[in-house]
Amino acid sequence: SKLIADRRGSEVSGSGMSVTIFKSRYMVMLAVVTLYVVAAALFVYATIKTALTLPALLTSFSTEAEKKLMLFAVETADLFLIAVVLFVTAAGLYALFMGRRPTSKDGEIAKWLEVENLDDLKQNLIGVVVVAMAVYFLGVLVKDDEGINLLETGGGIAAVVAALGWYVSQKSKAKETDAKTTEVKANTPEKL
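Residues numbered from 1 in each chain as written. Predicted model: local features only at pLDDT ≥ 70, side-chain atom pairs only at ≥ 80, totals over all residues. Heavy atoms only, no water.

1. Remarks on the overall build of the chain
Next, step 1: Each helix and strand in the chain was counted, giving five helices and zero strands.
Next, step 2: Taken from the N to the C terminus, the helices and strands of the chain come in the order α-α-α-α-α.
Next, step 3: Counting across all 192 residues of the chain, residues that qualify as buried make up 20%.
Next, step 4: Contacts in the chain between residues at least 24 apart in sequence constitute 67% of all its contacts with a sequence separation of at least 6.
Next, step 5: Accessible surface, the chain as shown: approximately 13,800 Å² in total, 66% of it carbon and sulfur. (Helix = DSSP H or I, 4+ residues; strand = E, 2+ residues; numbered from the N terminus. Buried < 20%, exposed > 50% of the residue type's maximum accessible area, 1.4 Å probe, protein only. Contact = heavy atoms within 4.5 Å. Areas by Shrake-Rupley, 256 points an atom, 1.4 Å probe, with all protein chains shown as cover.)

Shown next, in the form of structure tokens:
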């Protein structure tokens, strides 16, 4: 009877710890709220920057003004893209840890938020990093700064993009392998 009591005690404390860990998922709400605030700040910042900068850029029709306008447009798109990815990351974390996906008034699940695990969120962030580096390189190219070696800058960016591409491809292969293994197990009859 003492052994049974010891087992029950460990089960209760184990389940208590399990409940504590389950409830601690609410700490993720700190990240969710922070990411929403940063995303909103980026949306507002990019909008105000556009309203203040665009009129000055449209005063001249020179080749130099054209380059500045093109660079400004790409940089602004990059700011908005980063804001969107932060928003999607916040929504994805909320969906993963709270178990609730955003829905429409009709109860339809948001198609733009198909996040199954943290790797999906990482891939979104990797995409933004790649775009941000491309925008930086475009800025260097457009500015035509003599002090910066384009080959070194482009080569460094290319190396990082290649490494991130390899990482994403390996994760995709592992996900496909897991899916095939699960499918095979589901279709294999159990032995008695």
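Additional details are given in the paragraphs that follow.
2. Considering the packing of helix 2 (residues 28–57) against helix 3 (residues 63–98)
Next, step 1: Where helix 2 contacts helix 3, the two axes come as close as 9 Å, and the packing angle between them is 165 degrees. Overall, the two elements helix 2 and helix 3 adopt an arrangement that is roughly antiparallel. Considering the relative orientation of helix 2 and helix 3, their crossing is left-handed. (Axes fitted to C-alpha atoms, helices over the stretch in contact; angles between N-to-C directions. Parallel < 35°, antiparallel > 145°, perpendicular 65-115°, else oblique. Left-handed = near helix turned anticlockwise from the far one by under 90°.)

3. Digging into helix 4 (residues 118–143)
Next, step 1: Between its first and last C-alpha atoms helix 4 spans 38 Å; for 26 residues at 1.5 Å apiece the expected length is 38 Å, and the two agree.
Next, step 2: Within the span of helix 4, buried status applies to D120, L121, I126, V128, M133, V135, G139, V140 and V142. (Expected span 1.5 Å × (residues − 1).)

4. Structural notes on the packing of aromatic side chains
Next, step 1: Using the criterion set out here, one finds two aromatic pairs in the structure.
Next, step 2: Ring centres of F43 and F80 lie 6.0 Å apart, and the angle between their planes is 35 degrees; on these two criteria the pair is classed as tilted. Of this pair, F43 sits in helix 2 while F80 sits in helix 3, placing them 37 residues apart in sequence.
Next, step 3: Relative accessible area serves as the criterion here: at 30%, F43 is assigned to the partly exposed category.
Next, step 4: Looking at F80, the relative accessible area reads 27%, which means it is partly exposed. (Phe/Tyr/Trp six-rings, centres within 6.5 Å; stacked < 30°, edge-to-face > 60°.)

5. A look at helix 3
Next, step 1: In a regular helix each residue adds 1.5 Å, so 36 residues correspond to 52 Å; helix 3 covers 52 Å between its end C-alpha atoms and thus fits that length.
Next, step 2: Looking at where helix 3 begins, the residue whose side-chain oxygen comes 3.1 Å from the main-chain nitrogen of A65 is S62.
Next, step 3: At the C-terminal side of helix 3, G99 shows a positive phi close to 75 degrees. (Polar contact = N/O pair within 3.5 Å; in protein donor to acceptor, adjacent residues only side chain to side chain.)

6. Notes on the environment of K122
Next, step 1: In this structure, K122 sits in helix 4.
Next, step 2: You can call K122 partly exposed: its relative accessible area is 38%.
Next, step 3: In the structure, K122 is positioned 33 residues away from T89 in sequence and 8.7 Å away in space, judged by C-alpha atoms.

Structural measurements only, silent on function.
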